[in-house]
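Spelled out, the chains give:
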Amino acid sequence: MSSAGQAPEVFAQRPKRADARRNYDSLVAAAREAFAENGAAASLEDVARRAGVGIGTLYRNFPSRRHLFEAVYVEEVRALSRSAEDLAELPPWDALVAWLHRFVAYVATKRALAEHLLHDSEIFQSCRTEIYAAGEPLMRRAQAARVVRDDIGFDDVVRLISGLTMAQFPSPEQRDRVLGVALDGLRPPATSS
């Protein structure tokens, strides 16, 4: 990952002691769930309860709601980036499609937090760089294998998938069908003989 150290202000506060680190990680995981279920207005008391800690422990780790938003956002980006490495052994098309499905899940979390993050902040920009550093190689590999058209760039794909995720779908199955149609559009056009 090219930017693993680019969001230091969020993870510099990550505790060194094992018990404190477990609390920190539990709080981030609980916040991710709470924000996914209830949006950015999720109760911080609920987050602490889900994590199995007191509200004082939450505030010791995250002095403000914004600090918690940033930690969840950065962890989501890091998980998405790590997943690109995990998918490297798959065939090019399968790796790209699997990563883009994970990108869709990431966008759902991002949407819940986006209005509370400063889009011109250093954290937001470094996370965007990290996403591109993870996804672009998968796309280039798929293009080199001629399973993705070569007249599009990774930014085009990010915008396509991000736009698709803005729609409200009545079910995850419909969302996945629509995503499948969009992904089919990435394939090279059939050549006529």
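Criteria and cut-off values
For every chain, the first residue of its written sequence is number 1, and the numbers climb from 1 along that sequence. pLDDT decides what is reported in this predicted model: residues at 70 or higher carry local features, side-chain atom pairs at 80 or more are listed and counted, and totals for whole chains, interfaces and linings draw on all residues regardless. The side-chain figures draw on all heavy atoms in the structure; neither hydrogens nor water molecules are used. By the criteria applied, helices consist of DSSP H or I runs no shorter than four residues and strands consist of E runs no shorter than two, each listed in order from the N terminus. Only protein chains enter the calculation, and the probe is 1.4 Å; a residue is then buried if its accessible area is under 20% of its type maximum, exposed if over 50%, and partly exposed in between. UniProt positions are given in the numbering used here, feature names are shortened, and annotations may be inferred rather than shown by experiment. The rule for a salt bridge is simple: a side-chain nitrogen of Lys or Arg has to be within 4 Å of a carboxyl oxygen of Asp or Glu. Axis definition: a line fitted to C-alpha atoms, limited for helices to the stretch in contact. Angles are taken between N-to-C directions and run from 0 to 180 degrees. Reported orientations rely on four angle classes, namely roughly parallel under 35 degrees, roughly antiparallel over 145, roughly perpendicular from 65 to 115, and oblique for the rest. Less than a right angle of anticlockwise turn of the near helix away from the far helix marks a crossing as left-handed, whereas a clockwise turn marks it as right-handed. A contact between two residues is defined here by any heavy atoms of the two lying within 4.5 Å.

Brief notes about unusual backbone geometry
No. 1: At R146, a residue that is not glycine, the phi angle is positive and equals roughly 65°.
No. 2: Structurally, R146 is set in the loop between α7 (122-144) and α8 (154-165).
No. 3: Given a relative accessible area of 69%, R146 falls into the exposed group.

Notes on the environment of S81
No. 1: With respect to the helices, strands and loops of the structure, S81 is situated in helix α5 (residues 65-86).
No. 2: With 46 residues separating them along the chain, S81 and C127 place their C-alpha atoms 9.6 Å apart.

Observations concerning the UniProt feature "DNA-binding region" (unreviewed entry) in the protein chain
No. 1: UniProt annotation of "DNA-binding region" (unreviewed entry) refers to residues 43-62 when read in the numbering used here.
No. 2: End C-alpha atoms of residues 43-62 are separated by 14 Å, and the span's content is 75% helix alongside 0% strand.

Things to note about the pattern of salt bridges
No. 1: This model, assessed by the stated rule, comprises 12 salt bridges.
No. 2: Between E37 and R50 there is a salt bridge, with its nearest N and O atoms 2.6 Å apart. Placement of the pair is E37 in helix α2 (residues 18-38) and R50 in helix α3 (residues 44-51), with a sequence separation of 13 residues.
No. 3: The class for R50 is partly exposed, based on a relative accessible area of 30%.
No. 4: Of the charged contacts, one joins D155 and R128 as a salt bridge, the two residues approaching to 3.5 Å between their closest N and O atoms. Of this pair, D155 sits in helix α8 while R128 sits in helix α7; the two residues are 27 residues apart in sequence, bridging distant segments of the chain.

Description of the packing of α5 against α7
No. 1: Direction vectors running N to C along α5 and α7 enclose 15°, while the axes themselves pass 9 Å from each other. With respect to α7, the element α5 is oriented roughly parallel. Crossing geometry of α5 relative to α7 is assigned as left-handed. Here E70, Y73, V74, V77, R78, L80, S81 and A84 of α5 lie close against α7, whose contacting residues are I123, F124, C127, E130, I131, A134 and L138.

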